[in-house]
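Below, each chain spelled out in residue letters.
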Amino acid sequence: RRVILLGEKLPPHDIEAEVSVIGSIIIDGDSLVKISGFLQPSDFFSESHEMCYQSCIEMLERGVAIDETTLGDFLESEGRLSKVEGGRGYLAHMVSQVPTHLHIEYYARVVHRTATHRRLISAANDIAKIGFQNSQDVDDALNQAEDILYDIRSFHDSRDFVLLKDPLDYYLRFDDEEETDRAPLPSGFPDLDDLLGGLNRSDMIVLAARPSIGKSTLGLNIARNIAGNGKKVAIFSLEMGVDQIAMRLLSAEAKIETNRIRQRLTTEREDERVSEAIGRLSDLDIAIDDTPIQTVTEMRAKAKRLQKERGLDFVVVDYMQLIYGGRGANENNRAQEVSRISRALKGMARDLNVPVIAISQLSRSIEQRQSHRPVLSDLRESGSIEQDADIVMFIHREEKYISEEEWLRSRSIEEAYPKGLSELIIAKHRNGPIGNVNLVVQDQFARFMSANRQ
């Protein structure tokens, strides 16, 4: 059963450890709770042992006491005893083979480890089949292979309770260098940092707005500010190419319109500013991936590799709704697919231990309301984005919805038209207060700046 031959070799397994796990549970039924959080029935190589462990889990869920007699009775009542080689006598044999039931967690870890190695072997076979298909779509083949490996990682990465004192003790052991590495990252916008306390590692931050409001621009501005503090930044751009991103960053840095830089319409003095800006930007550690169609699994693998090779402190994903759902994606239920993508992005932030800004579209419902200020229910296609995110930020620009003439007709003369002004609305903040931050927008330079503090 589940025998995968490599030449003449059996896949990794440890029958003695499996026997010790089942025998320990029979001796002390309460010991099952020590391992049920990470050990699954499918982790057992022996079908007899899997059948016994599955029955023990079900007995625990039903509140049935576990011992040699009750387990035998339960197996018989469920029609499984005949599938346990040796029947009731084998249960007694397993009990006799246990050195001590106090070491059940150690035995279970051995079983779990060997099961993970078997899954790797099985994954290698599945990936080999994908290779032999010789598909014309290499990207799809790579995505399928990465999904297979990611499934193993997800299956293996099962955690259990830890005592509160453990993470607290870890913080007490920080030296200055470790503390700097784990400290929140300043966004470069003082008012925003005052409100959020910086961007915390492992946080998923959703930055959302309607099209042409400036969400990509603000994401790039934050990335540039963080890189300017000596941090390493990765940008996944599913919408803009790397040349467009470079031009936007250069325009913001040199304070010269993008189209004038691109068309070489700059003056000699402006050329000097462009050269200086290129020098500053070239010194920044910003890596850009402009692959237009990719999954979170693929992005996670690339980011993991970048982190291992060069280090990584911050990630921008632009934007969520363009992420490919991967194999098994439900095109008829995009909301469900985006929910899966949202959870995967949060998992990526935790796995990499860096802040991840996920840029997102808002639904059209804003434009149909008298008040155009975004609210959490405007997050497009999935309420789970709000649930998964640690921080949700909206960009609101009143000038995009009302002309200056309409503004003057409907308001008093003292209330100035908000040209070039935007409001960053912190609608959700899992670990702190919510509020609003005023920003100045320079669209011609693809640049946001902090407004003067009132």
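Residues numbered from 1 in each chain as written. Predicted model: local features only at pLDDT ≥ 70, side-chain atom pairs only at ≥ 80, totals over all residues. Heavy atoms only, no water.

J.: A description of the sheet that holds strand E1 (residues 204–209) should follow, citing residues and the corresponding values.
T.: Spatial ordering of the open sheet is given by E3-E2-E4-E5-E1-E6-E7-E8-E9, a layout of nine strands whose pairing is mixed. For this open sheet the edge positions go to strand E3 (286–289) and strand E9 (447–450), each flanked by a neighbour on one side alone. Along the sheet, successive strands turn relative to each other by an average axial angle of 25 degrees, direction set aside. Where strand E4 (residues 314–318) meets strand E5 (residues 356–361), four bridges bridge the pair, whose relative direction is parallel. The residue of E5 that forms the bridge with Val316 is Ile357. Helix H14 (residues 296–309) rests against strand E2 (233–237), E3 and E4 of the sheet, and its axis sits at about 160 degrees to E2. (Pairing = 2+ DSSP bridges. Helix = DSSP H or I, 4+ residues; strand = E, 2+ residues; numbered from the N terminus. Axes fitted to C-alpha atoms, helices over the stretch in contact; angles between N-to-C directions. Contact = heavy atoms within 4.5 Å.)

J.: Talk me through the packing of helix H1 (residues 15–27) against helix H4 (residues 87–96); I want residue IDs and the actual numbers.
T.: Close contact between H1 and H4 brings their axes to 8 Å; oriented N to C, the two are set at 95 degrees. Between H1 and H4, the angle falls in the class roughly perpendicular. In this structure, H1 uses Val19, Ile22, Gly23, Ile26 and Ile27 to contact H4, whose residues at the interface are Tyr90, Leu91, Met94 and Val95. Split into classes, the residues belonging to the contact of H1 with H4 amount to eight nonpolar, one polar and no charged. (Parallel < 35°, antiparallel > 145°, perpendicular 65-115°, else oblique. Nonpolar A, V, L, I, M, F, W, Y, C, P; charged D, E, K, R; others polar.)

J.: Kindly report on a negative patch on the surface, identifying the contributing residues and their values.
T.: A surface patch of like charges, here negative, comprises Glu268, Asp271, Glu272 and Glu276. Structurally, Glu276 can be placed in helix H13 (residues 268–282). (Patch = residues over 30% accessible without salt bridge, like charges linked within 9 Å, V, L, I, M, F, W, Y side chains within 5 Å. Areas by Shrake-Rupley, 256 points an atom, 1.4 Å probe, with all protein chains shown as cover. Salt bridge = Lys/Arg side-chain N within 4 Å of Asp/Glu carboxyl O. Lys, Arg positive; Asp, Glu negative; His and termini not counted. Charge placed at Lys NZ, Arg CZ, Asp CG, Glu CD.)

J.: Mind laying out the nonpolar core, listing which residues take part and the relevant values?
T.: Formed by 43 residues in total, the largest nonpolar core has its most connected members in Leu218, Phe314, Met393 and Leu424. Tallying contributions element by element places helix H10 (residues 215–228) first for this core, with six residues. Discounting chain neighbours no more than four positions away, the residues touching Phe314 are Leu185, Leu199, Ile222, Ala223, Ile226, Lys232, Val233, Ala234, Val354, Pro355 and Ile357. Ranked by size, the runner-up nonpolar core spans 33 residues in total, among them Ile323, Val338, Val392 and Ile425. (Core = buried A, V, L, I, M, F, W, Y, C linked by side-chain atoms within 4.5 Å. Buried < 20%, exposed > 50% of the residue type's maximum accessible area, 1.4 Å probe, protein only.)

J.: Requested: an account of the packing of H1 against helix H2 (residues 47–62), with residues and values cited.
T.: Running from N to C, H1 and H2 point in directions that differ by 30 degrees, and their axes come no closer than 10 Å. Here H1 lies roughly parallel to H2, going by the angle between them. Between H1 and H2 lies a crossing whose hand is left-handed. Judged by residue contacts, Ile15, Glu18, Val19, Ile22 and Ile25 of H1 engage His49, Cys52, Tyr53 and Cys56 from H2. Here the residues of the contact of H1 with H2 sort into seven nonpolar, one polar and one charged. (Left-handed = near helix turned anticlockwise from the far one by under 90°.)

J.: Tell me what's going on with the pattern of salt bridges, and back it up with residues and numbers.
T.: As enumerated under the stated definition, the model contains 22 salt bridges in all. Its salt-bridge partner being Arg119, residue Asp43 comes within 2.7 Å of it at the nearest N-O pair. Highlighted residues: Asp43 in the loop between H1 and H2 and Arg119 in helix H5 (residues 104–132), separated in sequence by 76 residues. Pair check on accessibility: Asp43 and Arg119 agree, each one buried.

J.: For the pairing of E9, give the residues involved together with the corresponding values.
T.: Sheet topology note: the strand E8 (residues 435–442)/E9 ladder contains four bridges and is antiparallel. Residue pairing for E9: Val440 is matched across the bridge by Met449. As consecutive antiparallel partners, E8 and E9 are separated by four residues, and within that stretch Ala446 has a phi angle of approximately 50 degrees, a positive value.

J.: How would you explain the side chain of Thr217 if you had to name every residue and give the values?
T.: Locating Thr217 in the fold gives a position in helix H10. Overall, Thr217 belongs to the buried group, its relative accessible area being 11%.

J.: Could you give an account of H5, naming the residues involved and the relevant values?
T.: Because an α-helix packs 3.6 residues into every turn, residues spaced three or four apart end up facing the same way. Taking 1.5 Å as the rise per residue, H5 with 29 residues should run 42 Å; its terminal C-alpha atoms sit 42 Å apart, in good agreement. Following H5 by one or two positions, Asn134 adopts a phi angle in the positive range, close to 55 degrees. (Expected span 1.5 Å × (residues − 1).)

J.: Before we move on, could you go through the pairing of strand E7 (residues 421–429) and cite the residues and values that matter?
T.: Consecutive side chains of a regular strand alternate in pointing toward one face of the sheet and then the other. Within E7, seven of the nine residues are buried, which leaves the element mostly enclosed by the surrounding structure. Linking two consecutive strands that pair antiparallel, namely E7 and E8, is a turn of five residues.

J.: Lay out the packing of aromatic side chains with the relevant residues and their values.
T.: Scanning all chains against the criterion turns up two aromatic pairs. Arranged with centres 6.2 Å apart and planes meeting at 70 degrees, the rings of Tyr106 and Tyr107 form a pair that is edge-to-face. Positioned over the ring face of Phe38 is Arg109, at 3.6 Å from the centre of the ring. (Phe/Tyr/Trp six-rings, centres within 6.5 Å; stacked < 30°, edge-to-face > 60°. Lys NZ or Arg CZ within 6 Å of the ring centre and 35° of its normal.)

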